[in-house]
Amino acid sequence: MSENTQTGGVSGKALTRAAIAEMLGRNFERLPDTDKSFFMYGPLYLGGNAGLAGLISNSLYRRALNVKKAPLASGVPMAVLPFLTTFTLYQAVVSQPLMSGDLNCPSCALLRGALVGVVGGGVYPILLALPVNIGLASMYSSAPQPEKGNVLRYWVDLSRPILRKMRAVLALQAFFGALLASRHFQSYTKLAQITFGSSGEELKD
C-alpha cells in the first residue's frame, strides 16, 4: 500500500480527523475532472438557485404590497444574501464534513443537502423579503398598514398566498440540494477509495 493509502500510523492507531482531511485533500486532484468540477462549483449553482428564489419572493411581495419604487434597493440584497447564505451553509454542513471524513452516511448527506436547499434557498428568501418590502411599503405608503396589535395577523395573511406560490420553488430547491449532495457523496466515495484503498477499512475519529 502506498504512502497515500496507508490508514494507520506506526502504532496502528486510527487516524485523526486532521490526518484524514489532509490525505483526502492531497488526493483530490486525482479525481476525474467531472467530479472535481461538480464538487467545486456545484454549491455555486445551488446558491444561484437560492438567489433566483430570492428575486421571485421579492417580486411576489412587491406586487402584493404595490411597491413600485426602489427595485434595486430590494432586489440586490434579495439575490446576494440567499446566494451567500446557501453557499456557505452547504459548505459547512456537506462539503467540509465530506472532505474531513466526518460524513460517511449517504442518506445523511442527501438529507443535509435537501435541508440546505429548502432553508437557505427557500425559507430564508421568503423571510427576508417580508420585512424588506413591508418597510418599503410603509416608506412609500403603497399599501394600508396594519393597526397596532394586528401586525402578526397582517403578516400571516399577506404571506399565505405567497407561500402557496412558492411551494414549487421549495420543492425544486429540496430536489437540487439532495441531488447535489448525492453527487458529492459519490465523488467522496471515489476519493476515499483512491486515498484509503478498496479494502473496506472504516474511517474512525
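For the structure itself, look to the data block above.
Conventions and cut-offs
Residues numbered from 1 in each chain as written. Predicted model: local features only at pLDDT ≥ 70, side-chain atom pairs only at ≥ 80, totals over all residues. Heavy atoms only, no water. Helix = DSSP H or I, 4+ residues; strand = E, 2+ residues; numbered from the N terminus. Buried < 20%, exposed > 50% of the residue type's maximum accessible area, 1.4 Å probe, protein only. Contact = heavy atoms within 4.5 Å. Patch = residues over 30% accessible without salt bridge, like charges linked within 9 Å, V, L, I, M, F, W, Y side chains within 5 Å. Areas by Shrake-Rupley, 256 points an atom, 1.4 Å probe, with all protein chains shown as cover. Salt bridge = Lys/Arg side-chain N within 4 Å of Asp/Glu carboxyl O. Lys, Arg positive; Asp, Glu negative; His and termini not counted. Charge placed at Lys NZ, Arg CZ, Asp CG, Glu CD. Phe/Tyr/Trp six-rings, centres within 6.5 Å; stacked < 30°, edge-to-face > 60°. Lys NZ or Arg CZ within 6 Å of the ring centre and 35° of its normal.

Engineer: Which parts of the structure should I look at to understand the environment of phenylalanine 185?
Structural biologist: Here phenylalanine 185 shows up in helix α6 (residues 167-196). Classification of phenylalanine 185 as buried rests on a relative accessible area of 12%. Excluding its chain neighbours within four sequence positions, the residues that come into contact with phenylalanine 185 are Leu98, Leu103, Asn104, Cys105, Pro106 and Ala109.

Engineer: What is the right way to read a positive patch on the surface from this model?
Structural biologist: A cluster of basic residues, Arg63, Arg164, Lys165 and Arg167, forms a positive patch at the surface. Of note, arginine 167 is situated in helix α6.

Engineer: Looking at this structure, I do not really get the packing of aromatic side chains. What am I missing?
Structural biologist: Aromatic rings in a pair are described by how distant their centres are and how their planes are angled relative to each other. Under the counting rule described, the total for this entry stands at three aromatic pairs. Between the aromatic rings of phenylalanine 28 and phenylalanine 39, the centroid separation amounts to 5.8 Å while the plane-to-plane angle is 70°, which identifies the pairing as edge-to-face. Of this pair, phenylalanine 28 sits in the loop between α1 (17-27) and α2 (33-64) while phenylalanine 39 is found in helix α2, placing the two residues 11 residues apart along the sequence. Under the relative-accessibility criterion, phenylalanine 39 is labelled buried at 9%. On the numbers, 5.6 Å between centres and 55° between planes, the contact of phenylalanine 185 with tyrosine 188 is tilted. Separated by three residues within a single helix, phenylalanine 185 and tyrosine 188 lie in helix α6, roughly one turn from each other. Just as phenylalanine 185 is buried, tyrosine 188 falls in that class too. When the ring centre of phenylalanine 38 is taken as reference, the NZ or CZ atom of arginine 183 above it lies at 4.2 Å.

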